[in-house]
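Remarks on the overall topology
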Amino acid sequence: EIDLDSCQVRCNVELEDGQGYVWVRIVGWTDWIFKCPAAVAECLRSPAEFCLAGEVHLPGLPSGSVCTLLPTGVLENMPFGDVLERTFLQAAELQELDVIGDSEQRRRVLCSRIAVKDAARLWQMRTCGGELLHPAAFALCHDARGRPYFDPTAGPRLPQVSLSHTDTAAIALVSAEPMGVDIERIGRDVAGLLTDFATPEEIGLLNPLAGAQPQEEWPTR
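The text that follows walks through the structure, step by step, so that each part is easy to find. (Residues numbered from 1 in each chain as written. Predicted model: local features only at pLDDT ≥ 70, side-chain atom pairs only at ≥ 80, totals over all residues. Heavy atoms only, no water.)

**Considering the layout of surface pockets**
Taken as a whole, the largest pocket encloses approximately 340 Å³ of empty space. Lining the largest pocket are 16 residues, with Asp182, Phe197, Pro219, Thr220 and Arg221 positioned closest to its centre. Where the lining of the largest pocket is concerned, the elements lending two or more residues are helix H5 (194–197) and helix H6 (200–212). In terms of residue class, the lining of the largest pocket is built from 10 nonpolar, two polar and four charged. Reported here for the second largest pocket is a volume of approximately 170 Å³. Glu184, Ile186, Gln215, Glu216, Glu217, Thr220 and Arg221 are the residues that line the second largest pocket. (1 Å grid on protein atoms, 1.4 Å probe; cavity = no way out; pocket = protein on both sides within 12 Å on 5 of 7 lines; lining within 4 Å. Points joined across faces, edges and corners; volume = space filled by probe spheres on them. Helix = DSSP H or I, 4+ residues; strand = E, 2+ residues; numbered from the N terminus. Nonpolar A, V, L, I, M, F, W, Y, C, P; charged D, E, K, R; others polar.)

Written out as C-alpha coordinates, the structure is:
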(Lines give C-alpha, C1' and ligand atoms only; values in the text may rest on other atoms or scores of the structure.)
Protein backbone atom coordinates (compact mmCIF):
# COMPACT_ATOMS: atom_id res chain seq x y z
CA GLU A 1 0.00 0.00 0.00
CA ILE A 2 1.40 3.39 -1.03
CA ASP A 3 0.08 6.44 0.79
CA LEU A 4 1.22 9.56 -1.05
CA ASP A 5 -0.42 11.86 1.50
CA SER A 6 1.79 10.62 4.34
CA CYS A 7 4.69 9.73 1.98
CA GLN A 8 4.79 6.18 3.30
CA VAL A 9 4.70 2.68 1.86
CA ARG A 10 3.34 -0.29 3.84
CA CYS A 11 3.47 -3.96 2.94
CA ASN A 12 3.70 -7.53 4.21
CA VAL A 13 6.86 -9.46 3.38
CA GLU A 14 7.73 -13.16 3.24
CA LEU A 15 11.27 -14.41 2.75
CA GLU A 16 11.88 -18.01 1.71
CA ASP A 17 14.75 -20.24 2.79
CA GLY A 18 15.52 -21.48 -0.72
CA GLN A 19 13.74 -24.78 -0.14
CA GLY A 20 10.24 -23.46 -0.63
CA TYR A 21 9.56 -22.77 3.07
CA VAL A 22 8.92 -19.43 4.71
CA TRP A 23 12.03 -18.34 6.59
CA VAL A 24 10.69 -15.06 7.99
CA ARG A 25 7.44 -13.14 7.74
CA ILE A 26 7.11 -9.37 8.30
CA VAL A 27 3.66 -7.89 8.74
CA GLY A 28 2.98 -4.17 8.38
CA TRP A 29 6.46 -3.17 7.31
CA THR A 30 6.50 0.60 6.78
CA ASP A 31 9.02 2.96 5.27
CA TRP A 32 9.17 6.55 4.09
CA ILE A 33 8.96 7.56 0.43
CA PHE A 34 11.68 10.03 -0.51
CA LYS A 35 11.95 12.06 -3.68
CA CYS A 36 15.17 10.94 -5.32
CA PRO A 37 16.29 11.70 -8.89
CA ALA A 38 16.87 8.59 -10.96
CA ALA A 39 20.55 9.43 -11.47
CA VAL A 40 21.10 9.67 -7.70
CA ALA A 41 19.24 6.42 -7.06
CA GLU A 42 21.36 4.58 -9.66
CA CYS A 43 24.59 5.97 -8.22
CA LEU A 44 23.65 5.02 -4.66
CA ARG A 45 22.59 1.54 -5.72
CA SER A 46 25.64 0.82 -7.92
CA PRO A 47 28.33 3.49 -7.38
CA ALA A 48 30.93 1.48 -9.29
CA GLU A 49 28.72 1.44 -12.39
CA PHE A 50 27.18 4.91 -12.60
CA CYS A 51 28.40 8.51 -12.53
CA LEU A 52 26.34 11.32 -11.04
CA ALA A 53 28.07 14.26 -12.74
CA GLY A 54 27.52 14.84 -16.45
CA GLU A 55 30.42 15.06 -18.88
CA VAL A 56 31.03 18.41 -20.60
CA HIS A 57 32.88 18.51 -23.91
CA LEU A 58 34.85 21.78 -23.96
CA PRO A 59 36.69 22.82 -27.13
CA GLY A 60 40.47 22.79 -27.17
CA LEU A 61 41.07 20.35 -24.33
CA PRO A 62 44.08 18.02 -24.64
CA SER A 63 43.27 14.52 -25.81
CA GLY A 64 42.02 12.31 -23.00
CA SER A 65 40.94 15.16 -20.72
CA VAL A 66 37.61 14.76 -18.92
CA CYS A 67 35.44 17.63 -17.72
CA THR A 68 32.32 17.04 -15.62
CA LEU A 69 29.57 19.34 -14.35
CA LEU A 70 27.14 18.75 -11.48
CA PRO A 71 24.34 21.22 -10.65
CA THR A 72 24.09 21.66 -6.89
CA GLY A 73 20.29 21.50 -7.20
CA VAL A 74 20.60 17.74 -7.73
CA LEU A 75 21.24 17.39 -4.00
CA GLU A 76 18.82 20.05 -2.81
CA ASN A 77 16.27 19.00 -0.17
CA MET A 78 17.47 15.40 -0.30
CA PRO A 79 17.73 13.12 2.74
CA PHE A 80 20.57 11.18 1.12
CA GLY A 81 23.35 13.71 1.50
CA ASP A 82 25.12 11.73 4.21
CA VAL A 83 24.85 8.54 2.15
CA LEU A 84 26.41 10.27 -0.84
CA GLU A 85 29.16 11.62 1.39
CA ARG A 86 30.05 8.13 2.60
CA THR A 87 29.83 6.79 -0.96
CA PHE A 88 32.16 9.33 -2.57
CA LEU A 89 34.52 10.36 0.24
CA GLN A 90 37.19 8.63 2.24
CA ALA A 91 37.57 9.10 6.00
CA ALA A 92 39.96 12.07 5.81
CA GLU A 93 37.70 13.81 3.29
CA LEU A 94 34.69 13.26 5.53
CA GLN A 95 36.54 14.88 8.41
CA GLU A 96 37.28 17.93 6.25
CA LEU A 97 33.62 18.15 5.28
CA ASP A 98 32.43 17.84 8.88
CA VAL A 99 34.13 21.09 9.90
CA ILE A 100 32.00 23.06 7.40
CA GLY A 101 29.16 24.47 9.46
CA ASP A 102 27.19 26.15 6.68
CA SER A 103 24.89 23.57 5.04
CA GLU A 104 24.88 25.30 1.64
CA GLN A 105 28.67 25.51 1.54
CA ARG A 106 28.86 21.86 2.59
CA ARG A 107 26.58 20.91 -0.30
CA ARG A 108 28.65 22.93 -2.77
CA VAL A 109 31.88 21.29 -1.59
CA LEU A 110 30.31 17.83 -1.77
CA CYS A 111 29.15 18.52 -5.33
CA SER A 112 32.67 19.54 -6.33
CA ARG A 113 34.06 16.33 -4.84
CA ILE A 114 31.49 14.23 -6.67
CA ALA A 115 32.28 15.99 -9.94
CA VAL A 116 36.03 15.50 -9.63
CA LYS A 117 35.72 11.86 -8.54
CA ASP A 118 33.46 11.09 -11.53
CA ALA A 119 35.86 12.85 -13.90
CA ALA A 120 38.80 10.88 -12.50
CA ARG A 121 36.94 7.59 -12.77
CA LEU A 122 36.12 8.22 -16.43
CA TRP A 123 39.70 9.31 -17.12
CA GLN A 124 41.14 6.23 -15.40
CA MET A 125 38.84 3.84 -17.27
CA ARG A 126 39.65 5.37 -20.67
CA THR A 127 43.35 5.86 -20.06
CA CYS A 128 44.25 2.64 -18.25
CA GLY A 129 41.41 0.38 -19.38
CA GLY A 130 39.26 -1.81 -17.21
CA GLU A 131 35.99 -1.01 -15.49
CA LEU A 132 34.74 2.12 -13.78
CA LEU A 133 36.25 2.37 -10.31
CA HIS A 134 34.34 3.06 -7.12
CA PRO A 135 34.31 6.83 -6.41
CA ALA A 136 36.01 6.33 -3.03
CA ALA A 137 39.00 4.78 -4.81
CA PHE A 138 40.33 8.33 -5.11
CA ALA A 139 41.08 10.73 -2.25
CA LEU A 140 41.35 14.44 -2.93
CA CYS A 141 44.09 16.35 -1.09
CA HIS A 142 45.39 19.94 -1.15
CA ASP A 143 48.93 21.22 -1.05
CA ALA A 144 50.15 24.17 1.04
CA ARG A 145 48.78 26.65 -1.49
CA GLY A 146 45.39 24.95 -1.74
CA ARG A 147 46.00 23.27 -5.09
CA PRO A 148 43.96 20.04 -5.32
CA TYR A 149 45.59 16.74 -6.19
CA PHE A 150 44.81 13.07 -5.78
CA ASP A 151 46.47 11.06 -3.03
CA PRO A 152 49.32 9.26 -4.87
CA THR A 153 48.71 6.06 -2.91
CA ALA A 154 45.62 5.52 -5.12
CA GLY A 155 47.82 4.30 -7.95
CA PRO A 156 50.82 5.02 -10.19
CA ARG A 157 48.80 6.85 -12.87
CA LEU A 158 46.67 9.71 -11.64
CA PRO A 159 45.47 12.79 -13.51
CA GLN A 160 46.10 16.45 -12.81
CA VAL A 161 43.10 18.09 -11.11
CA SER A 162 41.27 21.39 -11.33
CA LEU A 163 37.86 22.18 -9.90
CA SER A 164 35.57 25.08 -9.13
CA HIS A 165 32.07 25.61 -7.75
CA THR A 166 29.43 28.27 -7.35
CA ASP A 167 26.10 28.24 -5.52
CA THR A 168 24.47 26.58 -8.55
CA ALA A 169 27.03 24.14 -10.00
CA ALA A 170 30.38 22.44 -9.59
CA ILE A 171 32.81 21.77 -12.42
CA ALA A 172 35.91 19.56 -12.50
CA LEU A 173 38.63 18.94 -15.05
CA VAL A 174 41.18 16.12 -15.00
CA SER A 175 43.97 15.68 -17.51
CA ALA A 176 47.37 14.09 -17.97
CA GLU A 177 48.87 17.59 -17.98
CA PRO A 178 48.25 20.65 -15.78
CA MET A 179 45.04 22.43 -16.73
CA GLY A 180 42.71 24.95 -15.13
CA VAL A 181 38.94 25.33 -15.09
CA ASP A 182 36.69 27.90 -13.47
CA ILE A 183 32.97 28.50 -13.32
CA GLU A 184 31.30 31.83 -12.58
CA ARG A 185 27.70 32.97 -12.46
CA ILE A 186 26.77 35.26 -15.35
CA GLY A 187 26.16 38.77 -14.06
CA ARG A 188 28.74 38.69 -11.29
CA ASP A 189 30.89 41.81 -11.10
CA VAL A 190 34.40 40.52 -11.76
CA ALA A 191 36.04 43.86 -12.53
CA GLY A 192 37.92 43.77 -9.24
CA LEU A 193 39.33 40.32 -10.04
CA LEU A 194 40.60 41.00 -13.55
CA THR A 195 44.07 42.01 -12.41
CA ASP A 196 44.50 38.50 -10.96
CA PHE A 197 43.55 36.80 -14.23
CA ALA A 198 44.46 39.15 -17.07
CA THR A 199 47.44 41.22 -18.12
CA PRO A 200 47.12 44.98 -18.58
CA GLU A 201 47.13 44.42 -22.35
CA GLU A 202 44.25 41.94 -22.06
CA ILE A 203 42.28 44.30 -19.82
CA GLY A 204 42.81 47.00 -22.43
CA LEU A 205 41.17 44.72 -24.98
CA LEU A 206 38.35 43.72 -22.67
CA ASN A 207 37.18 47.18 -21.63
CA PRO A 208 35.99 48.30 -25.10
CA LEU A 209 34.32 44.93 -25.68
CA ALA A 210 32.54 45.05 -22.31
CA GLY A 211 31.27 48.55 -23.10
CA ALA A 212 30.06 47.69 -26.60
CA GLN A 213 28.63 44.23 -25.80
CA PRO A 214 27.68 44.07 -22.09
CA GLN A 215 25.40 41.09 -22.71
CA GLU A 216 28.40 38.97 -23.78
CA GLU A 217 29.97 39.06 -20.30
CA TRP A 218 33.48 39.54 -21.67
CA PRO A 219 35.16 40.17 -18.29
CA THR A 220 33.71 36.94 -16.90
CA ARG A 221 34.92 35.02 -19.93
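From this point on, the discussion continues.
**Some thoughts on the packing of aromatic side chains**
Under the definition given, this model contains one aromatic pair. Look at Phe138 and Phe150: their rings are 5.3 Å apart centre to centre, the planes differ by 50°, and that puts the pair in the tilted class. Taken as a pair, Phe138 in the loop between helix H4 (103–128) and strand S6 (140–142) and Phe150 in strand S7 (residues 148–150) lie far apart in primary sequence, 12 residues in all. Just as Phe138 is buried, Phe150 falls in that class too. Directly above the aromatic system of Trp218 lies the positively charged group of Arg221, at a separation of 5.0 Å from the ring centroid. (Phe/Tyr/Trp six-rings, centres within 6.5 Å; stacked < 30°, edge-to-face > 60°. Buried < 20%, exposed > 50% of the residue type's maximum accessible area, 1.4 Å probe, protein only. Lys NZ or Arg CZ within 6 Å of the ring centre and 35° of its normal.)

**Here's the deal with the sheet that holds strand S9 (residues 169–175)**
Spatially, four strands are ordered S4-S5-S9-S8 in an open sheet, and the strand pairing comes out antiparallel. Both edges of this open sheet fall to strand S4 (54–56) and strand S8 (160–165), since each of them pairs with a single strand only. Averaged over all adjacent pairs, the angle separating strand axes in this sheet is 25°, with direction ignored. Bridge count for S4 against strand S5 (residues 66–71) is three bridges, and the pairing is antiparallel. When the bridges of S5 are listed, Val56 appears paired with Cys67. Packing against the sheet, H4 makes contact with S4, S5, S8 and S9, and its axis sits at approximately 150° to S5. (Pairing = 2+ DSSP bridges. Axes fitted to C-alpha atoms, helices over the stretch in contact; angles between N-to-C directions. Contact = heavy atoms within 4.5 Å.)

**Remarks on the environment of Gln215**
With respect to the helices and strands, the residue Gln215 is situated in the segment after H6. Separated by 29 residues in the primary sequence, Gln215 and Ile186 have C-alpha atoms spaced 9.5 Å apart.

**A closer look at the sheet that holds strand S3 (residues 22–32)**
Neighbouring strands of a sheet are bound in pairs by backbone hydrogen bonds; such pairs are parallel or else antiparallel. Pairing is antiparallel in the open sheet, where three strands are placed in the order S1-S2-S3. In this open sheet, the two edge strands, each paired with only one partner strand, are strand S1 (2–3) and S3. The pairing of strand S2 (residues 8–16) with S3 spans eight bridges and is classified as antiparallel. If you follow Glu16 over to S3, its bridge partner there is Val22.

**Focus on the packing of helix H3 (residues 91–98) against H4**
With their axes 10 Å apart at the nearest point, H3 and H4 run at an angle of 155° to one another. By the angle between their axes, H3 is roughly antiparallel relative to H4. Of the two elements, H3 crosses H4, and the hand of that crossing is right-handed. Contact residues: H3 offers Glu93, Leu97 and Asp98, while H4 offers Arg106, Val109, Leu110 and Lys117. (Parallel < 35°, antiparallel > 145°, perpendicular 65-115°, else oblique. Left-handed = near helix turned anticlockwise from the far one by under 90°.)

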